[in-house]
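Commentary on secondary and tertiary structure
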Amino acid sequence: MPKTFEITISGQVQGVGFRPFVYGLAKQFQLSGSVCNNQNGVLIHINAPEEKANDFLVQLLENAPSISVIQSHSISEIPFQEFDDFKIIPSEAKNQINIPLTPDFAICESCKTDIRNSNNRRQGYAFTTCTSCGPRYAVTTKFPFERSSTTVSAFKMCAGCQTEYTNPDNRRFHSQTNSCADCGIQLKLQDYDGRQFDGDQKKLIKKASYFIRNGSILALKNTNGYLLCCDANNKSAIKRLREKKQRPSKPFALLYPSLEKIKKDFNLSAVEENALTSSVAPIVILNPKESIHDLEQENIAPGLNQLGVMLPSSALLALLMDELGSPIIATSGNIHGSPIISGEEDAIQKLTKVADYFLKISFPQDDSVVRFSGEHQIILRRSRGLAPNYMGLSNSSDEKILAMGAHLKSTFTFVPNSHTYISPYFGNLDSYAVSERFQDSIGKFEKLFQTEPEVILIDAHSQYQSSILGRELAEKWNAECIPIQHHTAHFASVLGEHNLFGSKEKILGVVWDGTGLGEDGMIWGGEFFSYQNHAVERLSHFEYYDWLAADKMAKEPRLSLLSLLPDGEKERAKNKFSDTEWKVYSKMLENNPLKTSSVGRLFDAVASLLGIIDITSYEGEAAM
């Protein structure tokens, strides 16, 4: 006797082809019912005997789409409803959403085949996607995830795309970002004077690759914002990009056309290969082979023996790299200190003095960056493909929490429900533009979740821009504002990541850092903590030494050296300063109340002592 069962699936299950998968499975089981997205994930109703319903659920869990992440599921019998067929029905969020937000996915192998196949109608189409790949978070305006809730809704599907969208046997069945050259996004190629080049997408990509090959800098609008591109084999082009981007020595990322060509130039472990070819497609820090050639390695990453490498994450980048066949520089489209640019008007205004040509096509994002220590992945920058979810932690608290982060490498974390959402990387809040985007993104999260935070966590340094904004938001939303010591927060983040807050054992935490205001008013950065019974205690620290010239010390390793040299040895650093500077800093040392335990500045001092660098152009340069 058929009954009606309700199945709920929670996790990263929207925008990953889950409903089409459920539809196909229901047809295999010859079930009638429905599937839809809702505020909690995916909701399924079926008519079936109990044993068949349970078998259906087992198959669903075991064969779910590879890019989905199921965190919880349930099945229960409900009052009988009779269904004539199985249908995908439109989604409607009746309450506040309580699901992970689906990140962007790199182009899948099937779509790569489509754009390279002369017999496929998507050959050469730069915005090819399917249910398994393409932008999600970058194009989402609200949830649940439906085409009408994305920026792609501006493009009405043609008859061919509509047929795919409604055909259960097609892999673009209910693909919300579905489009083609007849109905989708068009490419534009222009020079810095605004002169446009004619031609279809294939011709424009060929032209763009020609410009790169001949030493030009191209501003390319990818799905997550602008990239600045130039030939990785062209010394003068790289030098010109560094000058125009105001980035004298910070390493650039490399975009390679294929995994085979990466293997030719780099020593690649299995875990590094898996990361490069994953749906995240991050920048992976790799060790080059001694035989590497045709790369301006010293100009790409001055003074470093590792390089950041990635594969194309979109159809546009795949087509460009197919045409070029050799690696290029692909760095975020911004001027030093500013956020990545996504708007066309913004790009023309700010990048005209940087780029020679523009190839152009909601939450702009940098590429994520990872490296490996053996088998262990270390996320250096959580952005495209990873943000905004943190799948490893569920929230058991009823409080709505907003954590503002610190001042450099800024991100924020929002806990409005049982999930944890970590924003993409923004940059340093010294920049007004970065600070503005940071604040704007918090506002978008608040509207998206229709939830105001009840508790706001800020860094104990009262003058960090994140702390200032946090206090303003706490007043606006009548939320409790709690300052957290910088290095205690570092320790707590590791405890949280490894689910150690409930540990009965005493835990030692060693936190080495550059800068953080300590509870005694000194600048901490070489701390030893203990954790037990929900309390953190500072056990010990590196011996204090003089902190000089405020934030300037973090940018000039010569100041760290001067501070750390014994009194009888300080003359050894005199040649690194002008006569005026020497008098000023020597006077400061005579009666300086501010001390530091920073290990970051200790590394800086050694770099200066060894004659490697005295003044840096980016954070961490001396240590690297």
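For the structure, see preceding data.
Residues numbered from 1 in each chain as written. Predicted model: local features only at pLDDT ≥ 70, side-chain atom pairs only at ≥ 80, totals over all residues. Heavy atoms only, no water.

The next thing to look at is a negative patch on the surface. Taken together, the side chains of Asp398, Glu399, Glu454 and Glu480 define an acidic patch exposed on the protein surface. Tracing the sequence through the fold places Glu480 in strand 22 (residues 480-484). (Patch = residues over 30% accessible without salt bridge, like charges linked within 9 Å, V, L, I, M, F, W, Y side chains within 5 Å. Areas by Shrake-Rupley, 256 points an atom, 1.4 Å probe, with all protein chains shown as cover. Salt bridge = Lys/Arg side-chain N within 4 Å of Asp/Glu carboxyl O. Lys, Arg positive; Asp, Glu negative; His and termini not counted. Charge placed at Lys NZ, Arg CZ, Asp CG, Glu CD. Helix = DSSP H or I, 4+ residues; strand = E, 2+ residues; numbered from the N terminus.)

Pairing is mixed in the open sheet, where five strands are placed in the order 4-1-3-2-5. In the strand order of this sheet, the two ends are held by strand 4 (69-78) and strand 5 (86-88), each with one partner. The mean inter-strand angle of the sheet, taken between neighbouring strand axes irrespective of direction, is 15°. With three bridges joining them, strand 2 (residues 32-38) and strand 5 adopt parallel strand pairing. Bridged to Ser34 within strand 5 is Lys87. Contacts from helix 1 (residues 18-28) reach strand 1 (3-12), strand 2, strand 3 (41-48), strand 4 and strand 5, with the element oriented near 175° to strand 5. Contacts from helix 2 (residues 50-62) reach strand 1, strand 3 and strand 4, with the element oriented near 15° to strand 1. (Pairing = 2+ DSSP bridges. Axes fitted to C-alpha atoms, helices over the stretch in contact; angles between N-to-C directions. Contact = heavy atoms within 4.5 Å.)

Let's shift gears to the pattern of salt bridges. Considering all chains together, one arrives at 26 salt bridges under this definition. For Lys444, the salt bridge identified is with Asp440, shortest N-O distance 3.6 Å. Of this pair, Lys444 and Asp440 are both found in helix 12 (residues 432-449), four residues apart, which corresponds to roughly one turn of the helix. With a relative accessible area of 31%, Lys444 lands in the partly exposed category. Overall, the relative accessible area of 41% leaves Asp440 in the partly exposed class. Here Arg538 ties to Glu527 by a salt bridge, and the two come within 2.7 Å at their closest N and O atoms. Here Glu527 lies in strand 24 (residues 526-532) and Arg538 lies in strand 25 (residues 535-541), a separation of eleven residues in the sequence. (Buried < 20%, exposed > 50% of the residue type's maximum accessible area, 1.4 Å probe, protein only.)

A few words now on the side chain of Arg19. Within the element layout of this structure, Arg19 appears in helix 1. Setting aside anything within four residues of it in sequence, one finds Arg19 in contact with Val35, Cys36, Asn37, Ile88, Ile89, Ser91, Phe145, Glu146, His174 and Gln176.

Further remarks concern the nonpolar core. In this structure, Leu187, Leu189, Leu218, Leu220, Leu320, Ile328 and Leu359 are the most contacted members of the largest nonpolar core, which totals 39 residues. Top element by residues in this core is helix 10 (residues 315-324). It accounts for eight residues. Not counting residues within four places of it along the chain, the set of residues in contact with Leu218 comprises Leu189, Ala208, Ile212, Leu227, Leu228, Cys229, Ala355, Tyr357, Phe358 and Leu359. Membership of the second largest hydrophobic core comes to 36 residues, among which are Tyr226, Phe266, Val354 and Phe372. (Core = buried A, V, L, I, M, F, W, Y, C linked by side-chain atoms within 4.5 Å.)

What follows covers empty space enclosed by the protein. Taken as a whole, the largest cavity encloses approximately 130 Å³ of empty space. If you go around the largest cavity, you meet 17 residues; those closest to its centre are Gly15, Val16, Gly17, His174 and Gln176. For the lining of the largest cavity, the per-class residue count stands at six nonpolar, nine polar and two charged. (1 Å grid on protein atoms, 1.4 Å probe; cavity = no way out; pocket = protein on both sides within 12 Å on 5 of 7 lines; lining within 4 Å. Points joined across faces, edges and corners; volume = space filled by probe spheres on them. Nonpolar A, V, L, I, M, F, W, Y, C, P; charged D, E, K, R; others polar.)

Okay, a nonpolar patch on the surface next. Residues Leu508, Val510, Trp512, Leu539 and Phe603 make up a contiguous nonpolar surface patch of about 530 Å² in total accessible area. Examined against the element boundaries, Leu539 turns out to sit in strand 25.

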